[in-house]
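Structural characterization, general
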Amino acid sequence: MDKRAESVEIRSASKAYGAVRALDDVSLNVGAGEFVSLLGPSGSGKTTLLGILGGFILPTSGTILFGGRDVTYMPPHKRDIGVVFQNYALFPHMSVGENVAFPLRARRLPKSSWPDKVRAALGMVGLGGYEERGIAQLSGGQRQRVALARAMIFEPRLILMDEPLSALDKQLRESMQIELRALHRRIGATIIYVTHDQREALTMSDRVAVMKDGRLVQIDVPERLHDHPADSFVASFIGEATMLPVRRVDASSVALGNALLRSARAIPDGDALMLAVHSEKLLIDDGAQDGACNRLTGTVTDIVYQGESLRIFLALADGIALSLRQPAYHQAYHRIPPLGGSLTVTLHPEDTIVVPRVGD
Ligand SMILES: Nc1ncnc2c1ncn2[C@@H]1O[C@H](COP(=O)(O)OP(=O)(O)OP(=O)(O)O)[C@@H](O)[C@H]1O
């Protein structure tokens, strides 16, 4: 086990607020040094679970273990965890250095040890030399880095983050995501990260835990979550999928309207099935594709230019609508018929994802 990281075990944690079950029997193990995101729509219980891990919320039932120790009723300041929230919670009247040193003061570490630790923590987040600056003189991204440095200064073995990047603009958020990944690799601490942004979760995490209505629906590495969703909720929440009702024909094929599609995956039993068609998995049929591919022909109803890619909307003969993406490079344009033209696309059986339909 990495000495700098703490494993986390959540056993059957529940939290009720009167009749509302904010968290409903969630069990989850996070390995020492792992980066796990809690992902779900608003109200799915992410913040409640993070609050229970931080000790700010007491569970109604269940047990929390850090490195095998029961911390369920331990107060927050004794848990030795770093915490970063969306609104930074920096002290505006203190300098950057004073803000970052705050946890050392709270822990009563000798003052002589502060400057080196502050310098190291600020260096870690790319703000070396900013000790004397005032908080008001910083940009949003810099403030978020100060909050990160403050959470890391006492080298916590576990860091909890609740939507720490959501106040930043898209470009800064994406570059901070890459930085956080690298930072995690450098410091080796366990990170549990709350977000409702699926791309953010896929970008940074070792594993992503998808939550809905206070329950854990699926936890997996990003690729498996994206390509092997457990049900239609996960499939529609992760990636860019068109969800279409299909009928089971046999163990390896389904009917989509008039078309028969083969799947290399086991088709679930039951009547309520959905096909999740990821737009990047539909390819324009140029004769080069595997003969085993499913083929669908439709009429082009719209072509949307989105910078790096084109999104092409198709209507199949029975009215079913699909969309695919093409990278926007010069030669791609020759392959796309004009509006109203006919286009055949392929979907490999390995990419033919059929999931049980669940209510939203
Ligand atoms: N203090 C509270 N009192 C009553 N109900 C609460 C309280 N805190 C949370 N809830 C309810 O518990 C459920 C889960 O809330 P929670 O904040 O954990 O969700 P979330 O996934 O973090 O949502 P968001 O992304 O909007 O922050 C919601 O239905 C919410 O209304």
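Conventions adopted
Residues numbered from 1 in each chain as written. Predicted model: local features only at pLDDT ≥ 70, side-chain atom pairs only at ≥ 80, totals over all residues. Heavy atoms only, no water. Domains from an automatic or database assignment. Pairing = 2+ DSSP bridges. Helix = DSSP H or I, 4+ residues; strand = E, 2+ residues; numbered from the N terminus. Axes fitted to C-alpha atoms, helices over the stretch in contact; angles between N-to-C directions. Buried < 20%, exposed > 50% of the residue type's maximum accessible area, 1.4 Å probe, protein only. Lys, Arg positive; Asp, Glu negative; His and termini not counted. Salt bridge = Lys/Arg side-chain N within 4 Å of Asp/Glu carboxyl O. Polar contact = N/O pair within 3.5 Å; in protein donor to acceptor, adjacent residues only side chain to side chain. Contact = heavy atoms within 4.5 Å.

1. Digging into the domain arrangement of the chain
If you check the domain split of the chain, you get domain 1 (8–227) and domain 2 (245–356). Relative placement of domain 1 and domain 2: their C-alpha centres are 39 Å apart.

2. A word on the sheet that holds strand 9 (residues 207–212)
The 6 strands lie next to each other as 6-7-8-3-9-10, forming an open sheet whose pairing is mixed. Each having just a single partner strand, strand 6 (81–85) and strand 10 (215–220) make up the two edges of the open sheet. For this sheet the average axis-to-axis angle between neighbouring strands, irrespective of direction, equals 15 degrees. The sheet contact formed by strand 9 and strand 10 spans 5 bridges and is antiparallel. For V210, the partnering residue across the bridge sits in strand 10 and is Q218.

3. Focus on the side chain of K46
Position of K46 among the secondary structure elements: in helix 1 (residues 46–54). Buried charge without a partner: K46 forms no salt bridge, and the closest opposite charge is E163, 4.8 Å away. In this structure the side chain of K46 is engaged in a polar contact, spanning 2.8 Å, whose partner is the backbone oxygen of G40. With near-sequence residues (within four places) excluded, K46 lies in contact with L38, L39, G40, P41, E163, V194, T195, H196 and M211.

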